[in-house]
Amino acid sequence: MTLTEPGTESTLIWLLLALIGLLALILPGLLQNRLQREKRQFRAFFEQAMVGMARSTIDRRWIEVNPALCRILGYSQDFLTQCDWITLTHPEDREHNLQLLNAALAGERDEILLEKRFLRPDGSIVFVNLAARAVRLNNGQVDYFTVVIEDITQRQLAERQFANQVNRSLALIELPQQAETLNEEEFMLQALERAESLTASQIALLHVVNDGGNQILLKACSRKTPESYRSNPAGPWNDVASTASPLLINAFADEELPTLHRLVSVPVIENQHVRMIFSVANRREDYDHYDVETVQLLANETWRIVRRQRADRDLRLAMQVVNASPVVCFRWAASNGWPVIFVSENVSQWGYKPEQLQSGQPDFASIVHPDDLVRVGDEVMRHTAAGASGYEQEYRLITADHRVIWVVDRTKVTRDAHGLPVFYDGVLTDITERKEQQLLIADNLAHQQQLNKRLEDANNQLLQSEKMASIGQLAAGIAHELNNPIGFVHSNLGTLSGYVDDLMTILDAYADAAARQGENCPNLKAIEQLREERDFDFLRDDIFKLLAESKDGLGRVRKIVQDLKTFARVGEQEWQEADLHQGLDSTLNIVWNELKYKCQVVKEYDEIPPVFCLISQLNQVFMNLLVNAGHAIENKGTITIRTRRLDTDRVCIEIADTGKGIPPENLRRIFEPFFTTKPVGQGTGLGLSVSYNIVQRHQGQLSVDSEPGHGTTFRITLPIHPDTSAAQEKKP
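Overview of the structure. Worth saying up front: this structure is predicted, and the values here are computed from it rather than measured.

### Looking at the overall build of the chain
1) Next: Looking only at helices and strands, one finds 20 helices and 22 strands in the chain.
2) Next: Burial status across the chain gives 38% buried among its 732 residues.
3) Next: Considering only intrachain contacts with a sequence separation of at least 6, the fraction spanning at least 24 residues in the chain is 57%.

### A look at the pattern of salt bridges
1) Next: A full pass over the atoms with the stated rule returns 38 salt bridges.
2) Next: Residue aspartate 151 is joined to arginine 120 by a salt bridge in which the shortest nitrogen-to-oxygen separation is 3.8 Å. In this pair, aspartate 151 sits in strand β5 (residues 142-151) while arginine 120 sits in the loop between β3 (111-119) and β4 (125-136), placing the two residues 31 residues apart along the sequence.
3) Next: Judged by relative accessible area, arginine 120 falls into the partly exposed class, the value being 22%.

### A short note on helix α16 (residues 580-595)
1) Next: Of all the bends in α16, the greatest measures close to 40° and is centred on asparagine 589.
2) Next: Every buried residue belonging to α16 is among Leu580, His581, Gly583, Leu584, Ser586, Thr587, Leu588, Val591 and Leu595, and all of these are buried.
3) Next: By the N-cap criterion, in which a side-chain oxygen at the helix start approaches the backbone nitrogen of a residue two or three places on, α16 is capped by aspartate 579, the distance to histidine 581 being 2.9 Å.

### Brief notes about the packing of α16 against helix α17 (residues 615-632)
In a pair of packed helices, the angle between the axes and the distance between the axes together describe the arrangement.
1) Next: Direction vectors running N to C along α16 and α17 enclose 40°, while the axes themselves pass 9 Å from each other. In this view, α16 runs oblique relative to α17, as classed from their interaxial angle. α17 is crossed by α16, and the crossing has right-handed handedness. Only Ile615, Leu618, Asn619, Phe622, Met623, Leu626, Val627, Gly630 and His631 of α17 make contact with α16, whose side of the interface consists of Leu580, Gly583, Leu584, Ser586, Thr587, Leu588, Val591, Glu594 and Leu595.
2) Next: Grouping the constituent residues of the contact of α16 with α17 by class yields 11 nonpolar, 6 polar and 1 charged.

### Thoughts on the pairing of strand β12 (residues 340-343)
1) Next: Direction of pairing for strand β11 (residues 328-333) relative to β12: antiparallel, over a ladder of 3 bridges. What sits directly across from tryptophan 332, in β12, is valine 340.
2) Next: Turn length for the β11-β12 hairpin, with the two strands adjacent in sequence and antiparallel, is 6 residues, and the turn residue glycine 337 shows positive phi of about 85°.

### As for the side chain of asparagine 66
1) Next: Among the structural elements, asparagine 66 can be located in the loop between β2 (62-65) and α2 (67-73).
2) Next: Residue classification places asparagine 66 among the buried positions, given a relative accessible area of 0%.
3) Next: Non-local contacts of asparagine 66, meaning those with residues more than four positions away in its chain, are made with Phe46, Ala49, Val51, Gly52, Met53 and Gln77.

### Quick word on helix α19 (residues 687-697)
1) Next: Burial analysis of α19 places 8 of its 11 residues in the buried class, which makes it a mostly covered element.
2) Next: When we look at burial in α19, the residues that qualify are Gly687, Leu688, Ser689, Val690, Ser691, Ile694, Val695 and Arg697.
3) Next: Count one or two residues on from α19 and you reach glutamine 699, which has phi positive near 60°.

### Overview of the nonpolar core
When a protein is soluble and globular, its nonpolar side chains tend to lie buried together.
1) Next: Leu580 and Ile716 are the most contacted members of the largest nonpolar core, which totals 37 residues.
2) Next: Among the elements of the structure, α16, β18 (611-613), α17, β19 (637-647), β20 (650-657), α19, β21 (701-707) and β22 (711-719) are those that each provide at least two residues to this core.
3) Next: Element by element, the count of residues in this core is highest for α17, at 9 residues.
4) Next: Once residues within four sequence positions are removed from consideration, isoleucine 716 is found in contact with Val621, Phe622, Leu625, Val651, Cys652, Ile653, Val695, Gln701 and Leu702.

### Focus on unusual backbone geometry
1) Next: Cis rather than trans, the peptide bond between glutamine 361 and proline 362 has omega equal to 0°.
2) Next: Even without being a glycine, alanine 244 presents a positive backbone phi close to 55°.
3) Next: Relative to the elements of secondary structure, alanine 244 occurs in the loop between α8 (237-243) and β8 (247-249).

### A few points about the sheet that holds β8
1) Next: Read from one edge to the other, the open sheet built from 5 strands follows the order β7-β6-β10-β9-β8, with strand pairing classed as antiparallel. Edge positions in the open sheet fall to β7 (216-221) and β8, since each of these has one partner strand only. Pairwise comparison of adjacent strand axes, ignoring direction, gives a mean angle of 15° for this sheet.
2) Next: Bridge count for strand β6 (residues 203-209) against β7 is 5 bridges, and the pairing is antiparallel. The partner of leucine 205 across the bridge, within β7, is cysteine 221.
3) Next: Of the strands in this sheet, β6, β7 and β10 (273-281) touch helix α6 (residues 184-198), which is tilted by about 75° from β7.

### Re the sheet that holds strand β17 (residues 599-605)
1) Next: Strand order in the open sheet formed by 5 strands is β17-β19-β20-β22-β21, with mixed pairing between adjacent strands. Each edge of the open sheet carries a strand with a single partner, namely β17 and β21. For this sheet the average axis-to-axis angle between neighbouring strands, irrespective of direction, equals 15°.
2) Next: Both β21 and β22 contribute to a ladder of 7 bridges, which runs antiparallel. Across the sheet, glutamate 707 pairs through a bridge with glycine 711, a residue of β22.

### What to know about a nonpolar patch on the surface
1) Next: On the surface, Ile13, Trp14, Leu16, Leu17, Leu19 and Ile20 cluster together into a nonpolar patch covering about 650 Å² of accessible area.
2) Next: Along the chain, the position of leucine 17 falls in helix α1 (residues 8-48).

### Structural notes on the pairing of β2
The two faces of a sheet get side chains in turn, since along a regular strand they alternate between them.
1) Next: Relative to β2, strand β1 (residues 52-56) runs antiparallel, the two sharing 3 bridges. The residue bridging alanine 54 from the neighbouring strand is valine 65, located in β2.

### So, the side chain of histidine 90
1) Next: Counting through the fold element by element, histidine 90 comes out in the loop between α3 (77-82) and α4 (91-105).
2) Next: Dropping the residues within four chain positions of it, histidine 90 is found in contact with Arg117, Phe118, Leu119 and Ile125.

### Topic: the environment of valine 690
1) Next: Of note, valine 690 is situated in helix α19.
2) Next: Taking the relative accessible area as the measure of exposure, valine 690 reaches 4% and is therefore buried.

### Describing the environment of glutamine 600
1) Next: By the secondary structure assignment, glutamine 600 is in strand β17.
2) Next: Separated by 39 residues in the primary sequence, glutamine 600 and isoleucine 639 place their C-alpha atoms 6.1 Å from one another.
3) Next: Other than its neighbours up to four places away in sequence, glutamine 600 contacts Gly637, Thr638 and Ile639.

The rules behind the values
Counting from 1, residues in each chain are numbered in the order their sequence is written. In keeping with the model being predicted, local features are shown solely for residues with a pLDDT of at least 70 and side-chain atom pairs are shown and tallied solely at 80 or more, while totals for entire chains, interfaces and linings include all residues. The side-chain figures draw on all heavy atoms in the structure; neither hydrogens nor water molecules are used. Secondary structure follows DSSP: runs of H or I at least 4 residues long count as helices, runs of E at least 2 residues long count as strands, and numbering of each begins at the N terminus. Only protein chains enter the calculation, and the probe is 1.4 Å; a residue is then buried if its accessible area is under 20% of its type maximum, exposed if over 50%, and partly exposed in between. Here a residue-residue contact requires only that any non-hydrogen atoms of the pair lie within 4.5 Å. Take a side-chain nitrogen of Lys or Arg and a carboxyl oxygen of Asp or Glu: if they are within 4 Å of each other, that pair is a salt bridge. Values of bend correspond, residue by residue, to the angle between axes fitted over the seven residues ending at that residue and the seven starting there. In protein, a polar contact requires one atom able to donate a hydrogen and another able to accept it; more generally it is a pair of N or O atoms within 3.5 Å, and residues adjacent in sequence count only if both atoms are side-chain atoms. Note on method: axes are straight lines fitted to C-alpha atoms, helices fitted across the in-contact stretch only, with angles between N-to-C directions ranging 0 to 180 degrees. Orientation categories follow fixed angle ranges, with anything under 35 degrees roughly parallel, anything over 145 roughly antiparallel, 65 to 115 roughly perpendicular, and all other angles oblique. Helix crossings get a hand from a simple test, with the near helix turned counterclockwise from the far one by less than a right angle marking a left-handed crossing and a clockwise turn marking a right-handed one. In this classification, the charged set is Asp, Glu, Lys and Arg, the nonpolar set is Ala, Val, Leu, Ile, Met, Phe, Trp, Tyr, Cys and Pro, and all remaining amino acids, among them Gly, are polar. For two strands to count as paired, DSSP must find a minimum of two bridges between them. The definition of a nonpolar core used throughout is a set of buried Ala, Val, Leu, Ile, Met, Phe, Trp, Tyr and Cys residues joined through side-chain atoms within 4.5 Å. Surface patches are defined over residues having more than 30% relative accessible area and no salt bridge, joining like charges when they lie within 9 Å and nonpolar side chains (Val, Leu, Ile, Met, Phe, Trp, Tyr) when within 5 Å. Each accessible area is a Shrake-Rupley estimate made with a 1.4 Å probe; only the visible protein chains count as cover when residues are assessed.

Right under this line is the structure:
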């Protein structure tokens, strides 16, 4: 029948309809099974996830929450699915959260990403990363939200503590600078408000104590401090004055100060007397000892600066009695060379005599530090041209005995009737100590940051070392467990070999006996036929080969196990002499599975003596370098291991590959912690960093030469007899 014959078209149509019907019956079941399977998989992921997961309605109620979210927030599933989650949100975060929610409901966005705070049942705060996505109906309206919540509380607290330390250090550095432009009252207010800001307080008070210690006077308070505290001198700060000790209260109750809830109050003591009391109060959260320390540091620095300001003020007033003042007073003419007209006698503290300076021996410009001279001259000209009546500068002077000191120069410009400068009258105050303190604080801050970085690096390297120690312990345990079965299998193979020899001897004896009987042996032909069918001669020859191959394979297994034990060296943390060739060979055997498919390994071992070292740590270095060399070879290549003796007390180990090499821009960073050029998930960036530190601990050097496209050579130089006491000091 052809397609043009009658009935063909109708038959095809019926077949097609039957096929469609069959699919209509089968597909729903298949789809339903697939949906059920995917639903079970999602439910398992939802229930076992380490992060919080939920679905939320558009009216801010959770449809369902997973156990992780309950753990993060501290509430039961029943409670969370019955409450409005905005009530659990920190009050300061609610408005922003609602803005994002409303934007999603209005169709302006589908995704909500934010950091926010939730309140736990005990009142504590949990910081989270929240990611939500709107699931919409066909009409575009939001059906519900899927929500993922990650707890970042510990990270936030650590970042906040570090930021607080930095802000506190910056405040201590900036206070002296701010004091130069503010009077005493303004500076005290500035210091109070800085303390109020650093401690997140609502109240800040500064009281001074008279010389007799029997009167406390409110000297300054922050702008946010309520009026009731300004007019009421009584308070818990009186106890601070009497005890001369800091006060920390997180549950204060007093009828005279009903609005005071939390307080930190510290004394400033000078010559065993309380001179000032610095207080902050009413933070929303409890104060701790770090807040006490912060307030104490600011109070001490404030008092030091206030004292200095008062001294400066007294010195300015005492300028009328020039020579009685420690401040050097001067007058120089507004003409070329800045000729000195007058200078006070106390300039002798810097090794100069007034008559020398007045005669220009040396002139004023010569005693200004060369690095500051141009700046000082430019600033004087700028202030003069601007018509300023006075100015202030800080610069360095060179004394007659070639010491460098810092001075603050406060100068008044005397002008003629036409406004032209005639004289510059000023005072010079030695601020070397203050500058040194500022530099010391800045250096301490930089040093603290460096220590934090070193601590983080050491911690990461310690984790890596502990991980390697755990792997080594596991490897040693496995090797130990394998030794027993390997031993008795090896013994049994030897015994079996002897048994087979005996059996063959017996069979030969039977064969000889049968042959001697000849026709008298009725089964001789049957035996001969059976021997030919079973290929007895081949079996006899091959069975001994099989036993020999089994012994050889078992020997290789025993060698691998021994290399595992040699590589792990669990518990060997003592310095001892070790054969580096044995360490290289055992490590190579361990990583051989990583290399054997694409690498040819060439050993060029020279004669080297045993090295006093921690061999387990050096094995870790060898492993890192060999694995990296294997990774650098993409298809086929060669890894060459060379050893040689450099001199009487040094050996050198080189591991070279013919891989792709290292780009020059990465070469100087390869020993940095966490730096890696491998894809995400294929490297931690700690291998070379840990290796570098291990070699340094052995008082050696780890260097690298690389040419892109031609390969890389890592070179380890080690002393044969290192100073182990110095090595212990380098231990992280």
